[in-house]
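Chain by chain, the residues run as shown.
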Amino acid sequence: MAAVPKSPVIRCAINGFGRIGRGILRALYEYRRWPVAVVAINDLAAPETIEHLTRFDSTHGRFLMPVREEDDSLWIGEECIRLLQQERLSPRVWAELEVDVVLECTGRIKSRNDAQGHLDSGAGKVLISNPADDKVDATVVYGLNHHELTGRETIVSNASCTSNCVIPVIEVLDQAFGIACGNITSIHAAMNDQPVIDCSCSDLRLCRAAGVSIVPVDTRLNRGIERILPRFANRFQTTALRVPTLNVTAMDLNLCLEKPAPADNINAALKKAAASRFPGIMDYCDIPVASIDFNHDPHSCIVDGTQTRVCSNGLTKLLVWCDNEWGFANRMLDTATAMMNAC
Ligand SMILES: NC(=O)c1ccc[n+]([C@@H]2O[C@H](COP(=O)([O-])OP(=O)(O)OC[C@H]3O[C@@H](n4cnc5c(N)ncnc54)[C@H](O)[C@@H]3O)[C@@H](O)[C@H]2O)c1
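About the cut-offs
- Residues numbered from 1 in each chain as written.
- Predicted model: local features only at pLDDT ≥ 70, side-chain atom pairs only at ≥ 80, totals over all residues.
- Heavy atoms only, no water.
- Near = heavy atom within 4 Å.
- Polar contact = N/O pair within 3.5 Å; in protein donor to acceptor, adjacent residues only side chain to side chain.
- Areas by Shrake-Rupley, 256 points an atom, 1.4 Å probe, with all protein chains shown as cover.
- Nonpolar A, V, L, I, M, F, W, Y, C, P; charged D, E, K, R; others polar.
- Phe/Tyr/Trp six-rings, centres within 6.5 Å; stacked < 30°, edge-to-face > 60°.
- Helix = DSSP H or I, 4+ residues; strand = E, 2+ residues; numbered from the N terminus.
- Buried < 20%, exposed > 50% of the residue type's maximum accessible area, 1.4 Å probe, protein only.
- Domains from an automatic or database assignment.
- Contact = heavy atoms within 4.5 Å.
- Buried area = accessible area lost by both parts, 1.4 Å probe.

**Considerations on the site of the ligand**
- Close to the ligand lie 22 residues, the nearest being Ile20, Asp43, Ser129, Asn192 and Asn324.
- Contacts to the ligand include Arg108, whose side-chain N or O atom sits 3.1 Å from a nitrogen atom.
- Between the ligand and the protein, one listed contact pairs an oxygen atom with a side-chain N or O atom of Asn192 at 2.8 Å.
- Relative to its unbound accessible area of 830 Å², the ligand is 83% covered by the protein chains.
- Across the shell around the ligand, the residue classes break down as seven nonpolar, ten polar and five charged.

Next comes the structure, spelled out in structure tokens:
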């Protein structure tokens, strides 16, 4: 049975209150454009830590509203959010809190099987903040395919920040010029899976200090592209670099176009799509900015028209920015709302 919202307000729980979990809460109160109430937050952190990290954020600044913790609840103004500290969820926890959707943001849930635990605990649906496995009911890149949700999905993935960034651009350019194949490099801000100084871990690159190196890391972005756009099977190669910045990612796309076009035409197609097909999702910029200027930008992708280059053989290079935290947190709320409103 598909879950239906118990009221016009969608009751969400945030599981994992890290960069994405906290971004979701902030975006909700900052923009107030979703019919969503966060009724519970589950994290391993102590309530005092949850309160502190909600109030103060090195990347996004102070929370706009008064925040306090009292009796295992987080108060945002006059609104109360239940705080839980359950590494293993108790059997009926989401049923008791009447949770429509769990926004799963721990990074530990990577498959449909793992996410099932939330349904077993009584949640109506789960939205996973990473690509998960291909056994989920749907993988959504909001703006591109959220219209295909039927309302019957129970476990959905919101893809990755990099998929949300490049896939709308690929879609527009493929329709306008045809894309034969491409190479994409993510130039991604540091993340919480990197240490401040070297430490031991099984991934020999993620052992290395985040602040002093450009660190190549694994990515399955090519698989993410294929999952949403199957016509591109085996036509993209992708690599990823982590760079010592706090936030914001640049995607470097090198595309072989079937109908090569001058940079101005490519930019015009993307600028038009930003204003027409993908408002609020894609943006276009042609002023000389740096990554910090996209901190707290809610779009999934911002095409930097100043960086478009075309070789004489048509090989086309693009630079596309995103706030990997804020843009993606906004999309989590968009997709959760679309999941509950789909029918
Ligand atoms: N940070 C980004 O830019 C970004 C962008 C898109 C997607 N994502 C994805 O979102 C997920 C979370 O990333 P993040 O950057 O927010 O990570 P994070 O490390 O900042 O946050 C994870 C949080 O989950 C909590 N946690 C861990 N185990 C838990 C458990 N069993 N129960 C409850 N809470 C638990 C941790 O205490 C932490 O607060 C990852 O899958 C990541 O790939 C991250």
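Next comes the rest of the description.
**Overview of the packing of aromatic side chains**
- Counted by the stated rule, this structure contains five aromatic pairs.
- Ring plane angle 20 degrees and centroid distance 5.1 Å describe the contact between Phe294 and Trp321, whose orientation is recorded as stacked. With Phe294 in the loop between strand S14 (282-285) and strand S15 (301-304) and Trp321 in strand S17 (residues 315-322), the pair connects residues that are 27 residues apart, well separated along the chain. A single burial state applies to Phe294 and to Trp321, both of which are buried.
- Following the ring pairs from residue to residue traces out a cluster consisting of Tyr31, Trp34 and Trp326.

**Things to note about the domain arrangement of the chain**
- Taken domain by domain, the chain holds domain 1 (10-136) and domain 2 (162-324).
- Using C-alpha coordinates to define each centre, domain 1 is positioned 28 Å away from domain 2.
- Each side of the interface is counted separately: domain 1 has twelve residues, and domain 2 has nine residues.
- Contact between domain 1 and domain 2 buries roughly 750 Å² in total, counting both sides, with carbon and sulfur atoms accounting for 44%.
- Per-residue buried area on domain 1 facing domain 2 is highest for Tyr31, Thr59 and His60; these three make up 54% of the total on that side.

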